[in-house]
Amino acid sequence: QVQLVESGGGLVQAGGSLRLSCAASGRTFRNSAMGWFRQAPGKEREFVARITTSGTNTYYTDSVKGRFTISRDNAKNTVYLQMNSLKPEDTAVYYCAAGPPYYSRSSTDYAYWGQGTQVTVSS
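A brief report on the enclosed structure follows.

Procedures and definitions
Residues numbered from 1 in each chain as written. Predicted model: local features only at pLDDT ≥ 70, side-chain atom pairs only at ≥ 80, totals over all residues. Heavy atoms only, no water. Helix = DSSP H or I, 4+ residues; strand = E, 2+ residues; numbered from the N terminus. Rg over C-alpha atoms; globule rule 2.2 N^0.38 Å. Buried < 20%, exposed > 50% of the residue type's maximum accessible area, 1.4 Å probe, protein only. Contact = heavy atoms within 4.5 Å. Pairing = 2+ DSSP bridges. Axes fitted to C-alpha atoms, helices over the stretch in contact; angles between N-to-C directions. Phe/Tyr/Trp six-rings, centres within 6.5 Å; stacked < 30°, edge-to-face > 60°. Lys NZ or Arg CZ within 6 Å of the ring centre and 35° of its normal. Disulfide = S-S within 2.5 Å. Polar contact = N/O pair within 3.5 Å; in protein donor to acceptor, adjacent residues only side chain to side chain.

1. Some remarks on the overall build of the protein chain
- The secondary structure content of the protein chain amounts to zero helices and 11 strands.
- Listed N to C, the secondary structure of the protein chain is β-β-β-β-β-β-β-β-β-β-β in terms of helices and strands.
- Over its C-alpha trace the protein chain gives a radius of gyration of 13 Å, about what one expects of a compact globule, namely 14 Å for 123 residues.
- The principal-axis extent of the C-alpha atoms belonging to the protein chain is close to 40 × 25 × 25 Å.
- Taken across its 123 residues, the protein chain has 44% of its residues classed as buried.
- A sequence separation of at least 24 residues applies to 58% of the contacts in the protein chain between residues at least 6 apart.

Pasting the structure below:
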């Protein structure tokens, strides 16, 4: 059983940066690919980024490429999302999730979820 807790959200002006963290229980963390998703008010939850178990490969949705960076530190059981050049459109609740060994952008394929952390970007 994997437990995930996000932190690092907050209010930031457009063009600013935030670094989100997701602390995971240690038993199975290293066996799971990790993803970040976000959900804005009135919109569906969308895929943001994914990192493989070893951290060798990363994937991003087109709207955040070049601005966001996903990383993980398996020794600390933590996955990160560095967000730069933030835009008001990035405003959402951000969730980390543990996913399958195969590539997926679908939230239904991710078995464990954190409670989410709010990111608000002002214009």
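2. Re the sheet that holds strand β7 (residues 68-73)
- In spatial order, the strands read β1-β3-β8-β7; together these four strands make up an open sheet with antiparallel pairing. Edge positions in the sheet fall to β1 (4-7) and β7, since each of these pairs with one other strand and no more. Strand after strand, the sheet turns through a mean of 15 degrees between neighbouring axes, direction not considered.

3. Quick look at unusual backbone geometry
- Phi is positive for N77, which is not a glycine, with a value near 55 degrees.
- Inspection of the secondary structure puts N77 in the loop between β7 and β8 (78-83).

4. Description of the side chain of N74
- Its place among the elements puts N74 in the loop between β7 and β8.
- Excluding anything up to four places from it in sequence, N74 contacts F29, R30 and T53.

5. Some details on the packing of aromatic side chains
- For the structure shown, the criterion picks out six aromatic pairs.
- Both rings, one in F37 and one in Y110, keep their centres 5.0 Å apart while their planes meet at 75 degrees; by these two values the pair is edge-to-face. On the criterion of sequence distance, the pair formed by F37 in strand β4 (residues 33-39) and Y110 in the loop between β9 (92-99) and β10 (112-113) is long-range, its members being 73 residues apart. As far as burial versus exposure is concerned, F37 and Y110 are alike and both buried.
- Taking NZ or CZ as reference, R19 lies 4.3 Å from the ring centre of Y80, over its face.

6. Comments concerning the state of the cysteines
- Counted under the stated rule, the structure contains one disulfide.
- Linked covalently through their sulfurs, C22 and C96 form a disulfide whose S-S length is 1.9 Å. Judged by the sign of its S-S torsion, about 55 degrees, the bond between C22 and C96 is right-handed. Of this pair, C22 sits in strand β3 (residues 18-24) while C96 sits in strand β9, and the two are 74 residues apart along the sequence. Neither residue differs from the other here; C22 and C96 are each classed as buried.

7. Section: the environment of S54
- Along the chain, S54 falls in the loop between β5 (46-51) and β6 (58-60).
- Note on S54: relative accessible area 55%, which makes it exposed.
- Engagement of the side chain of S54 in a polar contact is seen with the side chain of T56, the distance being 2.7 Å.

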